[in-house]
Amino acid sequence: MAKNILICDDAAFMRMMIKDILTKNGYNIAGEAENGAKAVEKYAELKPDLVLMDITMPEMDGIQALKKIRESDPNAAIIMCSAMGQQAMVIESIQSGAKDFIVKPFQADRVIEAVRKVVG
Ligand SMILES: [Mg+2]
């Protein structure tokens, strides 16, 4: 069965781009969230197989959302989406349980490689 993925990014075009890459490679989009607080809510509601989590978002950033989700579900699989120059935040994310990270601007094959590695 196709894996369900929750996409969290405050930029609509970024969500659209990720959605396009994933659906073309046979993944299901469980839902979308435009900030960290929504990401936490949607995770609880949708129980996706994987979350793609932007770091810089309003309301609650991706690192806080990652921590909250992993508190409620220690097995949650989350890949961080970072921009250039966010190494410190990427390290904090990995230490907080993120499985991997991808760096913007995204290359489709790198996104799929990271997703496959985590959920198959
Ligand atoms: Mg952002």
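Quick caveat, the model's predicted, so the values are computed rather than measured.

A.B. asks: Tell me about the pairing of strand β1 (residues 4-8), residues and numbers included.
C.D. replies: Burial analysis of β1 places four of its five residues in the buried class, which makes it a mostly covered element. For β1 and strand β2 (residues 28-33), the ladder comprises five bridges, and the chain directions are parallel. Residue pairing for β2: I7 is matched across the bridge by E32. Once you follow β1 into helix α1 (residues 12-24) and on to β2, the crossover reads as right-handed.

A.B. asks: Outline the packing of helix α2 (residues 36-46) against helix α3 (residues 62-72), supporting the account with residue identities and numerical values.
C.D. replies: With their axes 8 Å apart at the nearest point, α2 and α3 run at an angle of 20° to one another. Judged by the inter-axis angle, α2 sits roughly parallel to α3. Note that α2 runs across α3; the crossing there is right-handed. Of the residues in α3, those touching α2 at G36, A39, V40 and Y43 are A65, K68 and I69.

A.B. asks: Please give an account of the coordination of the magnesium ion that cites residues and values.
C.D. replies: Protein ligation of the magnesium ion involves D10 (OD), D54 (OD) and T56 (O), the donor distances falling in the range 2.1 to 2.2 Å. In the primary structure, the donors to the magnesium ion are separated according to the pattern D-x43-D-x1-T. Taken together, the residues span a long stretch of sequence, with D10 in the loop between β1 and α1 and D54 in strand β3 (residues 50-54) at a distance of 44 residues. On the basis of relative accessible area, D10 is assigned to the partly exposed category, the value being 38%.

A.B. asks: Account for the pairing of strand β4 (residues 78-82), with residues named and values stated.
C.D. replies: Of all five residues in β4, five are buried; the element is thus mostly enclosed. Residues I78, M80 and S82 point to one face of β4 and I79 and C81 to the other, with burial holding for every one of them. Strand direction decides the pairing type here: β3 and β4, joined by four bridges, are parallel. Bridge pairing in β4 links L52 to I79.

A.B. asks: Please provide a residue-by-residue account of the UniProt feature "modified residue: 4-aspartylphosphate" (unreviewed entry) in the protein, values included.
C.D. replies: Mapped onto the present numbering, the UniProt feature "modified residue: 4-aspartylphosphate" (unreviewed entry) falls on D54. Owing to a relative accessible area of 3%, D54 belongs among the buried residues under this scheme. Non-local contacts of D54, meaning those with residues more than four positions away in its chain, are made with C8, D9, D10, G62, C81 and K104.

What counts and what doesn't
Residues numbered from 1 in each chain as written. Predicted model: local features only at pLDDT ≥ 70, side-chain atom pairs only at ≥ 80, totals over all residues. Heavy atoms only, no water. Buried < 20%, exposed > 50% of the residue type's maximum accessible area, 1.4 Å probe, protein only. Helix = DSSP H or I, 4+ residues; strand = E, 2+ residues; numbered from the N terminus. Pairing = 2+ DSSP bridges. Right-handed = clockwise from strand over helix to strand, strands pointing away. Axes fitted to C-alpha atoms, helices over the stretch in contact; angles between N-to-C directions. Parallel < 35°, antiparallel > 145°, perpendicular 65-115°, else oblique. Left-handed = near helix turned anticlockwise from the far one by under 90°. Contact = heavy atoms within 4.5 Å. Donors = N, O, S within 2.8 Å, 3.2 Å for Na, K, Ca; no water. UniProt positions renumbered as here; feature names shortened; annotations may be inferred.

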